[in-house]
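One letter stands for each residue in the lines below.
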There are 2 protein chains.
Amino acid sequence: MDYHQNGFRPGDPSVAPENRRLKDVADVLIVGSGPAGLTLAAYLAQFPHIHTRLIERRDGPLQIGQADGIACRTMEMFAAFGFVHDVLREAYWVNETAFWAPQGGHIARTGRIDDVEPGLSEMPHVILSQARVQEFYLRAMAQAPTRLTPEYGVTVEGLSIPEDPAAPVEVSLSTGECAKARFVVGCDGARSAVRKALDIPLHGEAANAAWGVMDVLAVTDFPDIRLKCAIQSADEGALLIIPREGGHMVRLYIELDKLAPTERVADLEITPDHLIAGAQRILAPYTLEVREVAWWSVYEIGQRTAPRFADTAPDGPAPRVFIAGDACHTHSPKAGQGMNVSMQDAWNLGWKLQTVLEGRGGRDLLHSYSAERQAIAQDLIDFDKVFAAKFAAKSGATDTEFQNYFQKQGRYTAGVATRYTPSALTGTRHQDLATGFTLGMRFHSAPVIRWADAKPVHLGHVADLSGRWQLYVFAGKDPAAALALLQAPPENTQVNLVLRTPHRDTVLEPELLPRTGALGLRDYGRVFCPAPEADIFAERGIAPEGAAVLVRPDQYVAFIAPPGAAEDITAFLAAALG
Amino acid sequence: MDYHQNGFRPGDPSVAPENRRLKDVADVLIVGSGPAGLTLAAYLAQFPHIHTRLIERRDGPLQIGQADGIACRTMEMFAAFGFVHDVLREAYWVNETAFWAPQGGHIARTGRIDDVEPGLSEMPHVILSQARVQEFYLRAMAQAPTRLTPEYGVTVEGLSIPEDPAAPVEVSLSTGECAKARFVVGCDGARSAVRKALDIPLHGEAANAAWGVMDVLAVTDFPDIRLKCAIQSADEGALLIIPREGGHMVRLYIELDKLAPTERVADLEITPDHLIAGAQRILAPYTLEVREVAWWSVYEIGQRTAPRFADTAPDGPAPRVFIAGDACHTHSPKAGQGMNVSMQDAWNLGWKLQTVLEGRGGRDLLHSYSAERQAIAQDLIDFDKVFAAKFAAKSGATDTEFQNYFQKQGRYTAGVATRYTPSALTGTRHQDLATGFTLGMRFHSAPVIRWADAKPVHLGHVADLSGRWQLYVFAGKDPAAALALLQAPPENTQVNLVLRTPHRDTVLEPELLPRTGALGLRDYGRVFCPAPEADIFAERGIAPEGAAVLVRPDQYVAFIAPPGAAEDITAFLAAALG
């Protein structure tokens, strides 16, 4: 944590000094405080000059959430949001996954693998109630300079977008207020009022497979009850076990009968007892004695997506109304994608709105939100369909095919497969200078030693919610060009220098360090050296001449250049922001 | 974290359900909410049937603290108290220490070493303001079942201990109240009113060395400003640099002139400008430009200790009034002992008071507090005197002697040198069964894999504030005896079983697991297997027949036995608790 840079201030360093400016026309009106809405709100809440409002249909914070899987990529994001340490402490860690299949009349374990491929992320895949995640977001908002809190019990009744691009969007609220905002973001779920007001459809296949899900406290002799398990029985369907946080609770996903084309899941009249009995049949001869059902539901698998995530087409005027999260794409729960993708949507949109509202970028930058995220959502839904189908397939005596598929697709479920295609925001040149930092993909952090205090840290964790672009500069054999970038960073970037020498052998004049804060102190947190056990230059394929890797505020690699090419970086940024 | 074992409950799992019983006669009255008082209060606050009161002279929580060094051992303790993750996040990590000495007319670096010997503790040595540490304790108290909060602005005016051991101690408070309590603990600092009421002196040498200390935000070209540095100049005295949390602030300890025997530090009329000028002279030719002085003070080194820490002598009646922390021992600040030793005092006393108040032990157990902690305090003061003297010694061109001493004494400064001598609480037999767990010393944790969910964890982190004795059972080549202990733990102990087989190869019938919680669930958190990278059996010298290591609630190793000797363990515990 970096604090006291503007002078010593006692108290909790996570609580920023209050600083906000309320306006008659809000800058951003967010509809819905689920994962997407809260991610966007917690990000925008950091900026004193951006007036954000967040309205929520519920009367208060979520008490019991449905989503629970937190992908590695999301944990990396939580590091920037400042609460990953709390999630790591409370959550269940998905370390391994076991596979069970029919053998000789009952189920037997057919495999046990690492859930996440080693080295894929510095963060584990974890399970924690959506309600707790949302509380961490609410705390982050309350501690941010603008002290943002949701307005509960408020819904959208209508929305009007004036022709005049300088006039605010008008939103009729259930309170009778006509709220005015420069931008409106519908994070209001699968039945999004904002999406309906924009008349954007959801495309996708009709659901015809039903699943039951329940969180239980139970006593069982099934040996893998504290492991994530994919179980296929011979005749009783499939069961997915997801152990939950706290060491005792378990989530069970139980396959129900296929639905007829005209049938809905509500028609099945399922009760918790049905689900328990189904789980018991699948697990037999192991016993399952449920002591408490904490939550349960039945749902139909339905993968659908909206053709665009904004009010205007890519070739139209700059968009002013957006949809994010479940409002524009829905997934089956078991691949754990819904909540994670929704939060990534919001971060993508957040920094772009901030850039435009701060006058550092043109409004056409906002077109890129729908362009980037709609493609990702479609990609994930294609993956999800295959995943869900494979999961439910009764594939016979072994499930080797599913295991292989599971391993191969680990990058999807870890959330690190997202790759933006080349655009004004994603360059194509100089990939050879840093082969381990793929253009268009998230910056893949690696361990380093911070030069000034010899602390082992993760390089990617310098990223915060400041909205700055991070420029990771890897020194060449001759570090002169890299040192020059440290002293004169391109506008709007923050330089993080990685030298090639071991930290105890590194001599650096403190005068070369950038200044920080109101007191003009030197910033000792920007220079790093290789960790003895894992040389980042080798692990990330840095060329002998070094590399400058430009990373967006949402941690995606935008551009790579030789360290001496400061002008190229400036030119790329100017073009990207428009 | 272990939660939901009594049923699912939404919300923050760190907040226990409220459960407390107030009494006319408090069980424990704690005087003073510094590190010792808060440690004791946070511990006792966990027990619904113990009514604890905490009074504090100040009008509210500490805003700016003086102590800042948190030893590895204290961090291990914070893990049990549930806030080590917050401290790890906010604190400065002391990874390396640099030594500077005169060379050719000015100072030069003469050495740079790991601050803590590798493997000494799973926790780093860190620096964080005492005020923040105290806020974490206050939060832990407020989240505990009894919702304990300090009564601010209250002082002790008198104390009376009736002859009748069944009658309560009476304490006259500045509010006019005559508070009654079964036990009173003076954690009220070097000028302790409780100590004075007991008429216990402080023994020690008169101070005659004065030091200045200040926390500054500064710009300097001294290259090691973000490392802990011990600097000896040729003619300008000594300087100790301790970088502070947040990445910018630095604490400087500056040696002042020796005081004459009758002189007091106040006579020197020191100002911050004197201290800055002193630091600048020592650091020359490097520059130091102070932009802000966050806090400063001057102090005399004085090491003193009380001959006993309770109202009664070891051979007298059971004690009812105790003193802890600065009230009974004072240290020089630079070895970072004061706050750390004080907190260990309080945990030692806390579990003994709890044991007696719950009727699980005789009142004579309380004699062991003074016996154990007075010896430790004296030991540390002896160390501290030599350390402080060596630090201030102008030893010539190099300080090799000090470096050697520093390394050798790292266990003291890390807080892991404490060793209780044999007593009813500290056995002497069977050390050979587990040579890495020294009888009388703190349980030295090691990494293991939790069997049920394959999570890499630290074995010692199963310890919590439940007041239970932990029995770490290391299986022999034949695990039968160890498995029998898991099923039938000796009374008042919680068994943690470590098997010899890799976790993926370990087959264990869930029926063997102990039950936990109101729902009778199985406890999957008690069985461990060796970590692939560090076999705990080899690292901690476990004999082929295995070992059962009995550890007190404050994490000190009390007794070792073969796994088959359950009766020996029961007998030891019965004798220990009295």
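Residues numbered from 1 in each chain as written. Chains lettered and ligands numbered in written order. Predicted model: local features only at pLDDT ≥ 70, side-chain atom pairs only at ≥ 80, totals over all residues. Heavy atoms only, no water.

Q: Explanation requested: the relation of the copies chain B and chain A in the structure shown.
A: Put simply, the two copies of the chain differ by a rotation about an axis and a shift along that axis. Aligned on chain A, chain B shows an RMSD of 0.0 Å; the corresponding rotation is 180° and the shift along the axis is 0.0 Å. On this basis, the relationship between the two copies can be described by a two-fold rotation axis. Within chain B, the C-alpha atom positioned nearest to the axis of rotation is that of H85 of chain B, 3.3 Å from it. (Least-squares fit on C-alpha atoms with pLDDT ≥ 70 in both.)

Q: How do you make sense of the confidence of the model for chain A when you look at a structure like this?
A: Predicted coordinates in areas of low pLDDT are best not read in detail. Of the residues in chain A, 95% reach a pLDDT of 70 or more, and the chain-wide mean stands at 93. We note a pTM of 0.95 for the whole complex and an ipTM of 0.94 for its interfaces. (pLDDT = per-residue confidence, 0-100.)

Q: Which parts of the structure should I look at to understand the interface of chain B and chain A?
A: A common way to express how large an interface is: the accessible area buried when the components associate. Counting from both sides, the interface comprises 64 residues of chain B and, opposite them, 64 residues of chain A. Each partner contributes to the roughly 5700 Å² buried at the junction of chain B and chain A, and carbon and sulfur atoms together form 54% of this total. Area buried by chain B at its contact with chain A is led by R89, H248 and R504 of chain B, which between them contribute 13% of it. Across the contact surface, chain B and chain A share six salt bridges. A salt bridge links D12 of chain B to R132 of chain A; the shortest N-O distance between them is 3.4 Å. Seen at the junction of chain B and chain A, the total is 30 residue pairs in polar contact (both at pLDDT 80 or more). Of the residues assigned to the side of chain B that touches chain A, the class counts are 27 nonpolar, 16 polar and 21 charged. (Contact = heavy atoms within 4.5 Å. Buried area = accessible area lost by both parts, 1.4 Å probe. Salt bridge = Lys/Arg side-chain N within 4 Å of Asp/Glu carboxyl O. Polar contact = N/O pair within 3.5 Å; in protein donor to acceptor, adjacent residues only side chain to side chain. Nonpolar A, V, L, I, M, F, W, Y, C, P; charged D, E, K, R; others polar.)

Q: What's the story with the sheet that holds strand 4 (residues 92–93) of chain A in this structure? I'm lost.
A: Hydrogen bonding along the main chain pairs the strands of a sheet, whether they run parallel or antiparallel. Judged by pairing direction, the sheet is antiparallel, and its three strands sit side by side in the order 3-7-4 (chain A) without closing on themselves. Each end of this open sheet is capped by a strand with a single partner; those strands are strand 3 (69–70) and strand 4 of chain A. (Pairing = 2+ DSSP bridges. Helix = DSSP H or I, 4+ residues; strand = E, 2+ residues; numbered from the N terminus.)

Q: Explanation requested: the packing of helix 1 (residues 35–44) of chain B against helix 4 (residues 130–143) of chain B in the structure shown.
A: When two helices pack together, their arrangement is given by the angle between the helix axes and by the axis-to-axis distance. Residue and element names in this part refer to chain B. It is the contact of helix 1 with helix 4, at a shortest axis distance of 9 Å, that shows an interaxial angle of 20°. By the criterion of interaxial angle, the relationship of helix 1 to helix 4 is roughly parallel. By crossing handedness, the relation of helix 1 to helix 4 is classed as left-handed. Contact residues: helix 1 offers P35, L38, T39, A41 and A42, while helix 4 offers Q130, Q134, Y137, L138 and M141. Along the lines of polarity and charge, the residues of the contact of helix 1 with helix 4 split into seven nonpolar, three polar and no charged. (Axes fitted to C-alpha atoms, helices over the stretch in contact; angles between N-to-C directions. Parallel < 35°, antiparallel > 145°, perpendicular 65-115°, else oblique. Left-handed = near helix turned anticlockwise from the far one by under 90°.)

Q: Is there a simple way to explain the sheet that holds strand 20 (residues 329–330) of chain B in this structure?
A: Residue and element names in this part refer to chain B. Spatial ordering of the open sheet is given by 12-18-20, a layout of three strands whose pairing is antiparallel. The outermost strands of the open sheet, each flanked by one partner alone, are strand 12 (203–204) and strand 20. Note that strand 18 (residues 304–305) and strand 20 share two bridges and pair antiparallel. Directly across from T305, in strand 20, lies its bridge partner H329.

Q: Could you clarify how one ought to interpret unusual backbone geometry in this entry?
A: Trans is the prevailing form of peptide bonds, just as negative phi is the prevailing case for residues other than glycine. A284 of chain A connects to P285 of chain A through a cis peptide bond whose omega is 15°. With respect to the element layout, P285 of chain A can be found in the loop between helix 6 (272–283) and strand 17 (288–300). One non-glycine residue, Q555 of chain A, lies in the positive phi region at around 80°. Relative to the helices and strands, Q555 of chain A resides in the loop between strand 28 (547–551) and strand 29 (557–561). For Q555 of chain A, a relative accessible area of 8% translates into the label buried. One non-glycine residue, A454 of chain B, lies in the positive phi region at around 60°. (Buried < 20%, exposed > 50% of the residue type's maximum accessible area, 1.4 Å probe, protein only.)

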